[in-house]
Amino acid sequence: MKIAVIKDPKQGESRVAMTPENVKILVNAGNEVLIDHNAGIGSGFTNEQYEEVGGTIVDTAQAWEAELIVKVKEPMESEYHYFKEGQMIWGFLHLAANKTCVEKMMEAGITAISGENISVNGVLKLLKPMSAIAGRRAVNLGQYYLEKQHGGEGILLPGIEGVDPGTVVILGGGNAAENAADMAVGLGCQVIILEVSEERIKQLKAKYKNDRVDILESNTTNLEEAIKKADVFISTVLIPGAKPPKLVKEYMIKTMKPGSVVIDISIDQGGTIETLDRPTTHADPVYIKHGVIHYGVPNMPGATPRTATIALAKGNIPFLKELSEKGLDESLKSNESLLSGISLYKGKVVSKALAESIDVPFTRIGDVL
């Protein structure tokens, strides 16, 4: 199979979807692997390192001629003209927030494999390390933007002796939330987590029983009260394959402390904060609305590309190797985890959650596979 590793043009995206070690595995399995020129530079991998293991360095247009396109993030508008019938595109695609991209894929007959939806025994295997990075970075970013020179409250989030620490409120209790909570607890902050699952609430209470962490049922009343206390508010809610509801309403944001910070880790899927109505970028990451600093960068792990790339590549390679050896159809028939990541199959939207989110026709995978 001809496979290409693409250099993502998204602003601030320095990750790459394959390390030289990954390329070696695929080349040794009999594949031709094309590397978009300088695709790995941002993560510390040179063109020469890819060539040493059998990869071929090409320009972007040549790379897009491959059968399997391996990216980190969703295709940008500048890449749509590269789409060709029968092509497979792999990456964190978050298509529920990008109807135009889906329509272009439908027109071209693309198969889209959304790594963020791949589930292994109920765990979003590829997304998990990226969520961990985003959760941890969110607390660090909260500390940074709370400083007065950034328009923040002017408090030191961990506090000092004789001065209370700030409060970090986390919406959702999944992997990203837990990593954010771990960072906040480590700093000595007061933490409030809002979660809907009774079982997950029990798990979190058991983990943080000796820490300054309140675990609350996630409902409107508790959210309204908790957000008023937040110096940093972090939303982590993600619905695989679908656009989440705007749980955090504008009237709630208006009740927050002036100079407090809100961060939406899942903005790439549409986000849950009503006033975070547009994604921001690493180059221009925040804006202020109702006196509250809003951070909504959709590729947060892109700021730590070396760590993120190594984690991402480890998750990608078993699936990519299977695809290259068995082909698309046989891989989907034999691997339920891979099947869980299919958003489009040869131009048909086969994810019900995606189809409903962006109002396009849904086709059952069993009817076309």
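Structure first, text after, so check above.
So, here is what we can say about the structure in this document. As the structure is a prediction and not an experimental result, all values here were calculated from the model.

### Description of the sheet that holds strand β6 (residues 111–114)
So, step 1. Across the sheet, 8 strands lie side by side as β3-β2-β1-β4-β5-β6-β16-β17; this open sheet has mixed pairing. Edge strands, defined here as strands with exactly one partner in the open sheet, are β3 (56–58) and β17 (348–349).
So, step 2. Pairing of strand β16 (residues 342–345) with β17 involves 2 bridges; the strand directions are antiparallel. The partner of Y345 across the bridge, within β17, is K348.
So, step 3. Contacting β5 (88–92), β6, β16 and β17, helix α4 (residues 99–108) crosses the sheet at an angle of about 40 degrees to β16.

### Describing the packing of helix α5 (residues 127–145) against helix α6 (residues 175–187)
So, step 1. Closest axis-to-axis distance for the α5/α6 pair is 7 Å, and the angle between their directions is 40 degrees. Our classification of the angle between α5 and α6 gives oblique. By crossing handedness, the relation of α5 to α6 is classed as right-handed. Where α5 abuts α6, its residues K128, S131, A132, G135, R136, V139, N140 and Q143 lie against N175, A176, N179, A180, M183, A184 and L187.
So, step 2. Taken together, the residues of the contact of α5 with α6 break down into 7 nonpolar, 6 polar and 2 charged.

### Things to note about the packing of α5 against helix α10 (residues 305–326)
So, step 1. Relative orientation of the contacting elements α5 and α10 amounts to 160 degrees, with a least axis distance of 8 Å. Classed by the angle they form, the pair α5 and α10 counts as roughly antiparallel. In this structure, α5 crosses over α10, and the sense of that crossing is right-handed. Taking contact as the criterion, the partners of P129, M130 and I133 in α5 are, on α10, T307, A308, A311 and L312.
So, step 2. When its residues are assigned to classes, the contact of α5 with α10 shows 6 nonpolar, 1 polar and no charged.

### A closer look at the pairing of strand β14 (residues 286–289)
So, step 1. In the sheet, β14 pairs with strand β15 (residues 292–295) via 4 bridges, with the strands oriented antiparallel. When the bridges of β15 are listed, I288 appears paired with I293.
So, step 2. Between β14 and β15, which pair antiparallel one after the other, the connecting turn spans 2 residues, and H290 there sits at a positive phi close to 55 degrees.

### Regarding the sheet that holds strand β9 (residues 167–171)
So, step 1. Taken in spatial order, the 7 strands make up an open sheet running β11-β10-β9-β12-β13-β15-β14, and their pairing is mixed. Both outer strands of the open sheet, β11 (213–217) and β14, are each paired with one neighbouring strand and no more. Ignoring strand direction, the axes of neighbouring strands in this sheet form an average angle of 20 degrees.
So, step 2. Packing of α5 onto the sheet brings it into contact with β12 (232–235), β13 (261–264), β14 and β15, and relative to β13 it is tilted by some 155 degrees.
So, step 3. Helix α8 (residues 220–229) contacts β9, β10 (190–195), β11 and β12 of the sheet and is inclined by roughly 155 degrees relative to β10.

### Quick notes on a nonpolar patch on the surface
So, step 1. There is a patch of nonpolar side chains on the surface, built from L156, I160 and V163 and spanning about 290 Å² of accessible area.
So, step 2. As for its position among the elements, V163 is in the loop between α5 and β9.

### Concerning unusual backbone geometry
Where the residue is not glycine, phi is negative for most of them; where a peptide bond is considered, it is trans in most cases.
So, step 1. Positive phi is not limited to glycine here, since N38 has a value of about 65 degrees.
So, step 2. Its place among the elements puts N38 in the loop between β2 (32–36) and α2 (47–52).
So, step 3. Non-glycine residue N121 carries a positive phi angle of around 55 degrees.
So, step 4. With respect to the helices and strands, N121 occurs in the loop between β7 (119–120) and β8 (123–124).

### Details of the nonpolar core
So, step 1. One finds M18, L68, V70, W90, L323 and L338 to be the most contacted residues of the largest nonpolar core, which totals 36 residues.
So, step 2. Of the residues forming this core, the biggest block, 6 residues, is contributed by α10.
So, step 3. Judged by nonpolar contacts, the second largest core, of 31 residues, contains A138, V139, A176 and I293.

### Topic: α8
One turn of an α-helix holds 3.6 residues; hence residues three or four places apart share an orientation.
So, step 1. Burial in α8 covers these residues: L223, A226 and I227. Buried positions in α8, seen along its axis, are confined to an arc of 100 degrees and lie on one side of it.
So, step 2. Measuring from the backbone nitrogen of T221 back to the side-chain oxygen at the start of α8 gives 3.3 Å, which picks out N219 as the cap.

The rules behind the values
- Residues numbered from 1 in each chain as written.
- Predicted model: local features only at pLDDT ≥ 70, side-chain atom pairs only at ≥ 80, totals over all residues.
- Heavy atoms only, no water.
- Pairing = 2+ DSSP bridges.
- Helix = DSSP H or I, 4+ residues; strand = E, 2+ residues; numbered from the N terminus.
- Contact = heavy atoms within 4.5 Å.
- Axes fitted to C-alpha atoms, helices over the stretch in contact; angles between N-to-C directions.
- Parallel < 35°, antiparallel > 145°, perpendicular 65-115°, else oblique.
- Left-handed = near helix turned anticlockwise from the far one by under 90°.
- Nonpolar A, V, L, I, M, F, W, Y, C, P; charged D, E, K, R; others polar.
- Patch = residues over 30% accessible without salt bridge, like charges linked within 9 Å, V, L, I, M, F, W, Y side chains within 5 Å.
- Areas by Shrake-Rupley, 256 points an atom, 1.4 Å probe, with all protein chains shown as cover.
- Salt bridge = Lys/Arg side-chain N within 4 Å of Asp/Glu carboxyl O.
- Core = buried A, V, L, I, M, F, W, Y, C linked by side-chain atoms within 4.5 Å.
- Buried < 20%, exposed > 50% of the residue type's maximum accessible area, 1.4 Å probe, protein only.
- Arc of directions from axis to C-beta.
- Polar contact = N/O pair within 3.5 Å; in protein donor to acceptor, adjacent residues only side chain to side chain.

That is the geometry; function is a separate question.
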